[in-house]
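Structural characterization, general
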Amino acid sequence: MHNHLRTFTLLAALTALFMGIGFMIGGASGMLIALVLAGGMNLFSYWNSDKIVLKMHGAQPVDETHPEALVRNYVRDVFDMADGAGLPRPKVYVMATDQPNAFATGRNPENAAVAATQGLLRMLDRREVRGVMAHELAHVKNRDTLTMTVTATVAGAISALANFALFFGGNDRERPGGIIGTIALMILAPMAASLVQMAISRAREYEADRGGAEICGDPEALADALQKIEHYARGTVNLPAERNPATGQMFIINPLSGRGADNLFSTHPATQNRVKALMDMAGKVAAPVQRAARAVGTAVPITRRSKGGPWG
């Protein structure tokens, strides 16, 4: 009931924002048109937002017959953990991106999908990959995926509509707010959409960390993975995520490079705080960050970088 109420409240806030943009663009008639569009978009997003997001990121389905051992192990581990958690087996995808990251999507556990990047499978060892995917399965179990996918779709539409506001009669002085109001709308509407996303996202990530640690039975593995992902993600641009910043809140670590204003309203808690909470679950003190780059047991050698540093 709590999750359904949260989803309804979130959609209501985004719908109101969408209608407000319509009013600024076309007055009362614009608001009415926006209301109809928002209703149709919410219904469409409920049924299809997972497919939209997977397509945005070029995710390809994989199974246990895949020719690469890394991918086969990834699929098997997802299925094993889903079975152990009493969840239906989700569809499994891989994204052709070097940045290590992952997300879950789908309107409910029966229609869920999880996706990991090629970078995640190559840069993390199998134990750490299990920790990451357990986190994503926790999102599925908590029914966060509906909130995340619908939010990403509607927030993206709000940003796009705000950016095109000037093309909808931007020189019409009779329009509510005039040209100054339109410019303010273009700047403030995407920020407002981000604030709505942020309102529930951080607590959701902590809860998924806790649930993921229980699903894989290894809080330390997820803590190690989070540190390693954050390090490599900072130095690798995720082009699909940069083109669709509204989907950034779906990933386990913020996939945006930080250029421009995308990171002003982060939807993710600080990684060091997440790591500390996980290490507390494991009954251990958080180790130095260098620990996350240990090479023992990794699927492939860790990428060497020309610059120095703890991972060099």
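A short tour of the structure in this document, coming up. (Residues numbered from 1 in each chain as written. Predicted model: local features only at pLDDT ≥ 70, side-chain atom pairs only at ≥ 80, totals over all residues. Heavy atoms only, no water.)

All right, on to the pattern of salt bridges then. Scanning all chains against the criterion turns up 12 salt bridges. Residue Glu207 pairs with Arg210 through a salt bridge whose shortest N-O separation is 2.5 Å. Taken as a pair, Glu207 and Arg210 lie in helix H6 (residues 178-216) at a separation of 3 residues, close to a single helical turn. For Glu207, a relative accessible area of 33% corresponds to the partly exposed category. With a closest N to O distance of 3.2 Å, Lys276 and Asp280 form a salt bridge. Separated by 4 residues within a single helix, Lys276 and Asp280 lie in helix H9 (residues 271-282), roughly one turn from each other. Taken together, the shared-partner salt bridges connect Arg204, Glu205, Asp209 and Arg274 into one network. (Salt bridge = Lys/Arg side-chain N within 4 Å of Asp/Glu carboxyl O. Helix = DSSP H or I, 4+ residues; strand = E, 2+ residues; numbered from the N terminus. Buried < 20%, exposed > 50% of the residue type's maximum accessible area, 1.4 Å probe, protein only.)

A few words now on the sheet that holds strand S1 (residues 60-61). Taken in spatial order, the 4 strands make up an open sheet running S1-S2-S4-S3, and their pairing is mixed. With one partner strand each, in any of the chains shown, S1 and strand S3 (102-105) form the two edges of the open sheet. Across 5 bridges, strand S2 (residues 91-95) lies against strand S4 (residues 113-117) in parallel orientation. Note on S4: the bridge partner recorded for Tyr93 is Ala115. Packing of helix H2 (residues 69-84) onto the sheet brings it into contact with S2 and S4, and relative to S2 it is tilted by some 145°. Sheet strands touched by helix H4 (residues 126-141): S3 and S4. Its angle to S3, the strand with the most contacts, is close to 20°. (Pairing = 2+ DSSP bridges. Contact = heavy atoms within 4.5 Å. Axes fitted to C-alpha atoms, helices over the stretch in contact; angles between N-to-C directions.)

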